Structures are given as structure tokens and as C-alpha cells.
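Coordinates in review
Chain residues, written in single-letter form:
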There are 2 protein chains.
Amino acid sequence: MKDDRPISVSVIRRLPRYYRFLGELLEKGVTRISSKELSSLMKITASQIRQDLNCFGGFGQQGYGYQVEILHKEIGEILGLSNEIPAILVGAGNLGKAVAPQLYSKKRGFHLIGAFDIDRRLVGTTLRKSDVAIYHIDDLEEFCEKHKPLAAIVCVPKSSAAQLADRLVNAGIRGFWNFSSYDFPYHYDNIATVNVHLGDSIMTLSYLMTHMDDKGKQPTTLR
Amino acid sequence: MKDDRPISVSVIRRLPRYYRFLGELLEKGVTRISSKELSSLMKITASQIRQDLNCFGGFGQQGYGYQVEILHKEIGEILGLSNEIPAILVGAGNLGKAVAPQLYSKKRGFHLIGAFDIDRRLVGTTLRKSDVAIYHIDDLEEFCEKHKPLAAIVCVPKSSAAQLADRLVNAGIRGFWNFSSYDFPYHYDNIATVNVHLGDSIMTLSYLMTHMDDKGKQPTTLR
């Protein structure tokens, strides 16, 4: 039975994990899995799994468990993975070049159609192992007018990010995968943003290692 | 009054954010802030903020708010940011080169002392804008025996990660900042791990953009 309450951030964050684990099971030829087995594999309680999946409709059968292929496909649809939303990369330095390949398969919801940088030496080249062309950042608006990307991966320094965010929103961008440490969508409504704060991430590891002696009190793995 | 209950994952994840926001306030010369103002800035409820900070001891005064510099310093200590835990990078490709600079300041809890790769052309060079030397992965154990790093940034393909994880644990590593899509610390106790799943992250954006029409039902920003 589908649960109509708003979907919480925690559930949204778990969805891709389910997709990933189910994909791995599929690769191994597993056709069926109980919530108990999935629970053991993913380190989430079986009841949490059932609760999460109930947000999206009835899956699985009492006593039978879940059919891996069907569940994988359904979650993929909920995630919108075949939408091929046109996307651009802004900032083709090491970080940009490192994260762009996440979009190459076109099975993650996006289709990467262009990249932008301030470095003129990159213009006219393509991102490695792809045919994604790199343009100068001055040509952003013209490109967006013509090709209408809806999402942007932002890999620029914080000092450039605020101004860039405004340009991108004005150029029609409605979704951000944001690696700059500028939390920009606080200023925009109805624009989707996933902020990736690498600095927060490493400081979290520092916390965990600092408090590792508090055995039994601290979680030691952050998924 | 200090709350002695185990610290939840949610609180741990918020700590670096507090540190980041307080650092920015400090840079702007703000000396004092109320939980209400901080709440408005960080988009967390004032009561959540008070609750979180109570886990670590009493901060702030009724009617006065928090002293930014003191709170920033205290959270920095809780996070262990001046510990300079010796760390190594494994995988000096685009991703490794992109994330390693997070450790250069030595103010994030770690001191990056070496990097490793399978590419022999990199051996003998250093990571850009640093004096961190790159060694061949075959020399890992010898280096660890001599220099005793405790943390590792893992930026290798999933296919190499399982075997690498075993080598690293045997070599004395007790903390992982893991970018490979292999969830390795399920097999280890008392080893701290922060997994960064870039694939999950981009799929989350796909979900948010796919469901943006469900106004009022979906959060649009993932911090």
C-alpha cells in the first residue's frame, strides 16, 4: 500500500543505495531476496526497508520476498534514471574531470552535453574518454540558449560560485550537483540541489577517528 | 548539561556544517549569534541546534546566544581537527588529485604524508601544489612500516578496492575516506570509514529533478 506522506530526506538518500545493492545482486544472478537478507546485506533493519519501499507502492510478497530484477527496475524508474536530463559541467579541473564520468553511461538520469572552463587552453578539447566538448565560460549563455541544459555540475572555487549560480539559473538550469563549498540554493525555490561538501566529509572522518575509543558509543561507518 | 546518550549519525554529520558556518561568520567578523539566527542561516531548527550542541557540553547562554569564536574552536576540538593524523592517498588519478588538497591545510584533522599509484610514470613526482611524494603501490607496506599512517583516502576502481582494503588494514590503517564504490568496512570492526558514493549522489539529484513537480512534498536541497 502506497504511503502518501511526504518522502523524507533520509528515504531519498537511501533509494540510490537500494538501487546499487540490487544491481550488484542482479549481476551475481540473484533473482529473489527477502527483506531480512537485504537487511543483513545493507545494514538497514528489515522494517526500515519495508517502510521505505512502501512510500513508493507495494513491492514484494509476504513469504516470498522481493524479485530483484523487478525491484531494481522500479527503483530505477522512481529515481528517473532513464530521463537523460541534459546536463553541463562547469569547471573542468581535476575535480570536474573526476566526477564527470559519473554521467557518461546516461543511466544515471543525465546526459552530459558540454563542459565549461575559464582556461582557454582547454577550449576546443573534449573531456577524456568522451566526446563532451569544452567551451569557454563566456560562451555559457549562448550554449544554454541553443542546447537548453537543465542540470549543472558545479566544480569551481567558492569565490566564483555565487555569481556562477545566478548565471546558471538565468540560463535555465534547474538542478545542481554542487561541489563548490558555496551553499547556493538557499536563495532559490523550486531548484533541486545536491551539495557535496568534501570538507565536511573529511572532517567527519576526523571526528570518527578521534572518538574511536568510545567503543559502543559511536558509529564507525558512515554510508 | 552534557547529554551522555550515544551520538547519532545525524548529529555527527551536522557537526562539520556547524564548524563551516561558524568559520564563515568568524571571517565576517561576527562575534555572537543566537540559535535563532544560526537556525535561519543553516536551515536547521533552533531546538535541533541546541539539542545537537548539548550532546557535547553546555555552550551559549540564555538570552546571549553563542560566542562564535569559542563555539567554532570547541567544535573544532570535538572534530579533532588539530590532530594531524598521518594519512596516505591511494590512487593518484583525477579523483585522488582532486580530493587530496582537502588535507593540505593540516587543519582538517589529517596530515597527508604520501600517495600511491600503479602508474610507474607518477613515481618520484609529487602531488600538484604540495610536497607529497607519489610511490608505487608495491611499496605500500614498506612505507607504512616506516611512516605508520593511520588513515587512507581510497580513490581506486571498485575492482581493486577489496584487495587493497585488506592490505591497508594489515598495514595499520584504521580510518578510510572511501571513494571507490566498494563498501569495504562491513568486514571490519573498530575501523572508521566515511564512504563517499558519488554515484548515489548524482542519482539523488535525478530523483529530486524527476519529482520537482510534487511541490510541497519533496525537499529540493540536500545539504
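Remarks on the pairing of strand E3 (residues 85-90) of chain B
All names here are of chain B. Where burial is concerned, most of E3 is hidden: 5 out of the 6 residues are buried. Sheet topology places E3 next to strand E4 (residues 110-117); 6 bridges connect them, and they run parallel. Note on E4: the bridge partner recorded for Leu89 is Ala115. Where the polypeptide runs from E3 across helix H5 (residues 94-99) and back to E4, its parallel neighbour, the crossover connection is right-handed. As paired elements, E3 and strand E6 (residues 151-154) share 4 bridges and run parallel to each other. When the bridges of E6 are listed, Leu89 appears paired with Ile153.

Considerations on the packing of aromatic side chains
Within this structure, the stated rule accounts for 8 aromatic pairs over all chains. One aromatic cluster is present, built from ring pairs that chain together Phe116, Tyr135 and Phe143 of chain A.

Here we look at the pattern of salt bridges
Residue and element names in this part refer to chain B. Counted by the stated rule, this structure contains 14 salt bridges over all chains. One salt bridge connects Arg14 with Asp52, and the closest N-O pair in it is separated by 2.6 Å. Here Arg14 is found in helix H1 (residues 9-27), whereas its partner Asp52 is found in helix H3 (residues 46-54), with 38 residues between them in sequence. A single burial state applies to Arg14 and to Asp52, both of which are buried.

Observations concerning the environment of Val11 of chain B
Residue and element names in this part refer to chain B. Among the secondary structure elements, Val11 is positioned in helix H1. Here Val11 falls in the buried class, since its relative accessible area comes to 7%. Remark: the alpha-carbon pair of Val11 and Ile49, spanning 38 residues in sequence, is separated by 9.5 Å. With residues up to four places along the chain from it excluded, the contact list for Val11 reads Asp52, Cys55 and Phe56.

Description of the packing of helix H1 (residues 9-27) of chain A against helix H3 (residues 46-54) of chain A
Residues and elements named next belong to chain A. Where H1 contacts H3, the two axes come as close as 11 Å, and the packing angle between them is 100°. On the basis of their axis angle, the class for H1 and H3 is roughly perpendicular. Counting all contacts with H1, which are made through Val11, Arg14 and Tyr18, the residues of H3 involved are Gln48, Ile49 and Asp52. Grouping the constituent residues of the contact of H1 with H3 by class yields 3 nonpolar, 1 polar and 2 charged.

Points about the relation of the copies chain A and chain B
Rotating chain A by 180° and translating it 0.0 Å along the rotation axis places it on chain B, where the RMSD comes to 0.0 Å. Taken together, the turn and the small shift mark the pair as related by a two-fold rotation axis. Among all residues of chain A, the one whose C-alpha sits closest to the rotation axis is Asn94 of chain A, at a distance of 2.7 Å. Residue by residue, 100% of the interface of chain A is reproduced at the interface of chain B, so both copies engage with the same surface.

A look at the state of the cysteines
Tallied over the full model, the rule gives 0 disulfides over all chains. Residue Cys155 of chain A stays outside any disulfide, its sulfur separated by 14 Å from that of Cys155 of chain B, the closest cysteine.

Thoughts on the interface of chain A and chain B
Taken together, the contact between chain A and chain B spans 78 residues of the former and 78 residues of the latter. Here chain A and chain B share an interface that buries about 6,800 Å² over both sides, 64% of which is from carbon and sulfur atoms. Inspection of the region where chain A meets chain B yields 4 salt bridges. Of the charged contacts in the structure, one is a salt bridge between Asp200 of chain B and Arg20 of chain A, with a shortest N-O distance of 2.8 Å. Summed over the shared surface of chain A and chain B, the result is 18 residue pairs in polar contact (both at pLDDT 80 or more). The dominant element in the side of chain A that touches chain B, judged by the number of residues it contributes, is helix H8 (residues 198-210) of chain A, at 13 residues. Taken together, the residues of the side of chain A that touches chain B sort by class into 41 nonpolar, 20 polar and 17 charged.

Some points on the environment of Leu127 of chain A
Here Leu127 of chain A is to be found in the loop between strand E4 (110-117) and strand E5 (134-136). Discounting chain neighbours no more than four positions away, the residues touching Leu127 of chain A are Leu89, Ala92, Lys97, Ala100, Tyr104, Leu112, Ala115, Val132 and Ile134 of chain A.

Examining the confidence of the model for chain A
When pLDDT is averaged along chain A, the result is 89, and 91% of the positions lie at 70 or above. As a predicted assembly, this complex carries a pTM of 0.90 together with an ipTM value of 0.93.

As for helix H4 (residues 68-79) of chain B
Residues and elements named next belong to chain B. With 12 residues, H4 should reach 16 Å at 1.5 Å per residue; the first-to-last C-alpha distance of 16 Å fits that figure. Looking only at H4, the buried set comprises Val68, Leu71, His72, Ile75, Gly76, Ile78 and Leu79. Each buried residue of H4 sits inside an arc of 160° when the element is viewed along its axis, so together they form one side. For H4, exposure combined with an orientation more than 90 degrees from the buried face picks out Glu69 and Lys73. Positive backbone phi, at 75°, marks Gly80, one or two positions downstream of H4.

So, how was this worked out
Residues numbered from 1 in each chain as written. Chains lettered and ligands numbered in written order. Predicted model: local features only at pLDDT ≥ 70, side-chain atom pairs only at ≥ 80, totals over all residues. Heavy atoms only, no water. Buried < 20%, exposed > 50% of the residue type's maximum accessible area, 1.4 Å probe, protein only. Helix = DSSP H or I, 4+ residues; strand = E, 2+ residues; numbered from the N terminus. Pairing = 2+ DSSP bridges. Right-handed = clockwise from strand over helix to strand, strands pointing away. Phe/Tyr/Trp six-rings, centres within 6.5 Å; stacked < 30°, edge-to-face > 60°. Salt bridge = Lys/Arg side-chain N within 4 Å of Asp/Glu carboxyl O. Contact = heavy atoms within 4.5 Å. Axes fitted to C-alpha atoms, helices over the stretch in contact; angles between N-to-C directions. Parallel < 35°, antiparallel > 145°, perpendicular 65-115°, else oblique. Nonpolar A, V, L, I, M, F, W, Y, C, P; charged D, E, K, R; others polar. Least-squares fit on C-alpha atoms with pLDDT ≥ 70 in both. Disulfide = S-S within 2.5 Å. Buried area = accessible area lost by both parts, 1.4 Å probe. Polar contact = N/O pair within 3.5 Å; in protein donor to acceptor, adjacent residues only side chain to side chain. pLDDT = per-residue confidence, 0-100. Expected span 1.5 Å × (residues − 1). Arc of directions from axis to C-beta.

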